[in-house]
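# Survey of secondary and tertiary structure
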Amino acid sequence: MRRSSLAVGFFLSAMLAAGCGGKKSEGETAAPSPSSTPAAAATGGTSVLATSRYDSGPRAGESPVDEAKAAQGEKLFQTKGCTACHAFGKRVTCPDLAGVTQRRTAAWMENQILHPDVMTKEDPIAHDLFAKFSLQMPNQKLTEDEARAVIEFAKHKDKGAAAAAH
Ligand code: HEC
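Read on for an overview of the structure. (Residues numbered from 1 in each chain as written. Predicted model: local features only at pLDDT ≥ 70, side-chain atom pairs only at ≥ 80, totals over all residues.)

Turning our eyes to something else, we now look at the overall build of the protein. Of the regular secondary structure elements, the protein holds 8 helices and 0 strands. The N-to-C order of helical and strand elements in the protein reads α-α-α-α-α-α-α-α. Counting across all 166 residues of the protein, residues that qualify as buried make up 33%. For the protein, restricting intrachain contacts to residue pairs at least 6 apart in sequence, the fraction spanning at least 24 positions comes to 79%. (Helix = DSSP H or I, 4+ residues; strand = E, 2+ residues; numbered from the N terminus. Buried ≥ 20, exposed ≤ 12 C-beta atoms within 10 Å, placed from the backbone. Contact = placed C-beta atoms within 7 Å.)

Here it is in structure tokens:
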């Protein structure tokens with residue numbers, strides 16, 4: 001789990017510069033190749049577990065929504081850069097977050113938000129997403145509490161979508 005924060009910081013800015021989504025100008029090359037990521041070097045290998053250790057148990061959306069936290073999470077989702085890459089109900093070049101709380105556990109989501117670089121190396125689900133989207137989600141430096149608020153926001157979005165479908 002150890003990694004040089006300097007290297008990750010550099011990687012983060014490289015990723016942000018590369019962007020993710022519709023605003024990128026044409027002709028730019030895609031994200032740096034996975035083999036050149038400093039995180040890969042820092043973790044000393046890329047052994048991927050067969051099953052995700054964070055994804056067993058009830059899905060995040062099965063627990064009640066804390067609406068106060070969800071409101072806080074909505075703001076964080078905008079201010080912490082998530083909207084550059086993610087939306088609900090719309091897939092740009094990063095995963096569509098609609099239904100994410102029905103797909104994943106809260107623990108998995110929290111780890112993905114707090115340690116996305118480690119997750120793509122060590123967690124099979126994140127690794128698959130990384131293979132599919134060819135982009136490493138950068139660490140947006142949220143606290144645990146902020147990550148949990150964002151998860152409440154995602155739960156709120158999914159509950160709203162389920163209600164609208166009825
Ligand atoms: C530079 C683009 C980018 C930014 C910024 C970003 N992400 Fe991601 N996110 C990704 C990519 C790409 C993946 C797929 C895993 C990978 O390749 O790293 C992902 C995966 C995820 C997943 C799992 C999706 C699924 O289908 O299981 C969640 C949840 C998530 N991101 C939440 C966030 C939140 C919350 C923020 C803001 C704090 C954020 N992301 C910021 C690109 C981004």
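For the rest of this paragraph, the subject is helix H5 (residues 106-114). The set of residues buried in H5 consists of Ala106, Trp108, Met109, Asn111, Gln112 and Ile113. Taken together, the buried residues of H5 touch helix H4 (100-103), helix H6 (116-122), helix H7 (124-133) and helix H8 (144-164).

Counting 18 residues, the largest nonpolar core has Phe77, Met109, Val150, Ile151, Phe153 and Ala154 as the members making the most contacts within it. Elements supplying a minimum of two residues to this core: helix H3 (67-79), H5 and H8. Sort the elements by how many residues they give to this core and H8 lands first, with 6 residues. With residues up to four places along the chain from it excluded, the contact list for Met109 reads Ala60, Val100, Arg104 and Ile151. (Core = buried A, V, L, I, M, F, W, Y, C linked by C-beta atoms within 7 Å.)

What follows is about the environment of Leu49. For Leu49, the position within the fold is in the loop between helix H2 (38-42) and H3. For Leu49, a count of 10 C-beta atoms within 10 Å puts it in the exposed group. Residues within four places of Leu49 in sequence aside, it is in contact with Glu122 and Pro124.

With that settled, the discussion passes to the environment of Gly61. Its location among the elements puts Gly61 in the loop between H2 and H3. The exposure class assigned to Gly61 is buried, which follows from the 23 C-beta atoms found within 10 Å. When the C-alpha positions of Gly61 and Arg103 are compared, they lie 8.7 Å apart, and in sequence the two are 42 residues distant. Setting aside anything within four residues of it in sequence, one finds Gly61 in contact with Thr101, Gln102, Lys155 and Asp158.

Keep in mind that these numbers describe shape and distance, not what the molecule does.
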